[in-house]
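Overview (structure and organization)
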Amino acid sequence: MEVVVLPTPEDCGHVVADVVTAAVEAAPGGVTIGLATGSSPLLAYRTLIARHEAGLRFDHVTAVLLDEYVGLPAGHPESYREVIRRELTDAVGIDPARVHGPDGSAPDPLQAARDYEALVTSVRPVAVQVLGIGANGHVGFNEPGSSLASRTRVKTLTEQTRADNARFFDGDVAAVPRHVLTQGLGTISEAEHLVLVATGAAKAAAVAGAAEGPVTTSCPGSVLQLHPHVTLVVDEAAASGLQ
Ligand code: F6R
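Quick caveat, the model's predicted, so the values are computed rather than measured. (Residues numbered from 1 in each chain as written. Predicted model: local features only at pLDDT ≥ 70, side-chain atom pairs only at ≥ 80, totals over all residues.)

To continue, consider the packing of helix H1 (residues 9–26) against helix H2 (residues 42–53). Where H1 contacts H2, the two axes come as close as 7 Å, and the packing angle between them is 55°. The orientation of H1 with respect to H2, classified from their angle, is oblique. Here H1 and H2 pass one another in a crossing that is right-handed. Seen from H1, the contacting residues are Pro9, Glu10, Cys12, Gly13, His14, Val16, Ala17, Val20 and Thr21; seen from H2, they are Leu43, Ala44, Arg46, Thr47, Leu48 and Arg51. Each residue belonging to the contact of H1 with H2 can be placed in one class, and the counts come to 8 nonpolar, 4 polar and 3 charged. (Axes fitted to C-alpha atoms, helices over the stretch in contact; angles between N-to-C directions. Helix = DSSP H or I, 4+ residues; strand = E, 2+ residues; numbered from the N terminus. Parallel < 35°, antiparallel > 145°, perpendicular 65-115°, else oblique. Left-handed = near helix turned anticlockwise from the far one by under 90°. Contact = placed C-beta atoms within 7 Å. Nonpolar A, V, L, I, M, F, W, Y, C, P; charged D, E, K, R; others polar.)

Next up, the structure:
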């Protein structure tokens, strides 16, 4: 695992954007990139938007999302499909038809999970998968206890994760869906290059567990230790628990 410790979240955003840019430029005939939502990648996405405005093209890019809330209607502003459209893909000109995520509004979420696993398989290889990490070590929405070999499926969010994400729902924990669809840890691990970005002291324990703790379902991020090509990009606060 390559561990990159940088002074500020802005520096982290630049490095993550560099990795994505290299993948986008290396495959002008078409490339699939995996995208995370949440706060952690936003500075990287802003850097990518600035680069697009300076000429970097994304019209050959297919994007796959990690996860989605179950039960939010299509078009809900906090559905991850909407979030990624707003935060990145519209601004860099990726055709919406090439932006894929689990269908959290499907009447049968179990079938939606199977369908999304098949979709991800069909657009492989995922050249780069951008990841964040939850304070409890979750990656995607694979909460503690998730099998390290898991595939796309329905999961129940922990109360900690719902509380953490209430900030996106006007602080109303009750508005945060209980269930999600998420790529499994096994699914995520099939990407060629995993780039996990974490900033701030609240992520220090999760980062230490993922990078240096035992490989255990209790810290889903520790699955990264089994992958041959991982770049962990952290600011000094998030790195403070590393040895
Ligand atoms: C989001 C996702 C989650 C987040 C994690 C950290 O698509 O998969 O694993 O990366 O919850 O969220 P932030 O970055 O908001 O702290």
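Let us now look at the site of the ligand. Lining the immediate environment of the ligand, one finds 15 residues, of which Thr37, Gly38, Ser39, Ser40 and Gly132 sit closest. Taken together, the residues of the shell around the ligand break down into 6 nonpolar, 8 polar and 1 charged. (Near = placed C-beta within 6 Å.)

This part is about the UniProt feature "domain: Glucosamine/galactosamine-6-phosphate isomerase" (unreviewed entry) in the chain. As annotated by UniProt and renumbered to match this structure, "domain: Glucosamine/galactosamine-6-phosphate isomerase" (unreviewed entry) occupies residues 15–225. Secondary structure within residues 15–225 divides into 34% helix and 16% strand; the distance between the first and last C-alpha atoms comes to 20 Å. (UniProt positions renumbered as here; feature names shortened; annotations may be inferred.)

Okay, the pairing of strand E8 (residues 179–182) next. When strand E4 (residues 67–69) meets E8, the two strands line up antiparallel, connected through 3 bridges. If you follow Glu68 over to E8, its bridge partner there is Leu181. Direction of pairing for strand E7 (residues 153–156) relative to E8: antiparallel, over a ladder of 4 bridges. Opposite Arg153, over in E8, you have Thr182 as the bridge partner. (Pairing = 2+ DSSP bridges.)

The next point concerns the nonpolar core. One finds Val16, Val20, Val195, Leu196 and Val207 to be the most contacted residues of the largest nonpolar core, which totals 65 residues. Residues in contact with Val16, not counting those within four places in the same chain, are Pro41, Ala44, Val130, Val195, Val197 and Val233. (Core = buried A, V, L, I, M, F, W, Y, C linked by C-beta atoms within 7 Å. Buried ≥ 20, exposed ≤ 12 C-beta atoms within 10 Å, placed from the backbone.)

Taken in spatial order, the 7 strands line up as E1-E10-E9-E6-E2-E3-E5 in an open sheet, and their pairing is parallel. If you trace the sheet from one side to the other, it starts and ends with strand E1 (2–6) and strand E5 (99–100), each paired once. Direction of pairing for strand E2 (residues 31–35) relative to strand E6 (residues 126–131): parallel, over a ladder of 3 bridges. Opposite Gly34, over in E6, you have Gln129 as the bridge partner.

This part covers the sheet that holds E4. Strands sit in the order E4-E8-E7 across an open sheet of 3 strands; the sheet is antiparallel. What marks the edges here is a single partner per strand, and that holds for E4 and E7. On average, each strand axis in the sheet is tilted by 30° relative to the strand beside it, whichever way the strands run.

Below, the discussion takes up helix H7 (residues 204–212). Of all the positions in H7, only Ala206, Val207, Gly209, Ala210 and Ala211 are classed as buried. Looking at the buried residues of H7, the elements they touch are E1, strand E9 (194–198) and strand E10 (230–235).

So, about the packing of H2 against helix H3 (residues 80–92). The N-to-C vectors of H2 and H3 enclose an angle of 20°; their axes lie 9 Å apart at closest approach. Classified by the angle between their axes, H2 and H3 sit roughly parallel to one another. Crossing handedness for the pair H2 and H3: left-handed. Each of Leu42, Tyr45, Leu48, Ile49 and His52 in H2 lies in contact with H3, whose residues at this interface are Glu87, Leu88, Ala91 and Val92. Class assignment of the residues belonging to the contact of H2 with H3 gives a composition of 7 nonpolar, 1 polar and 1 charged.

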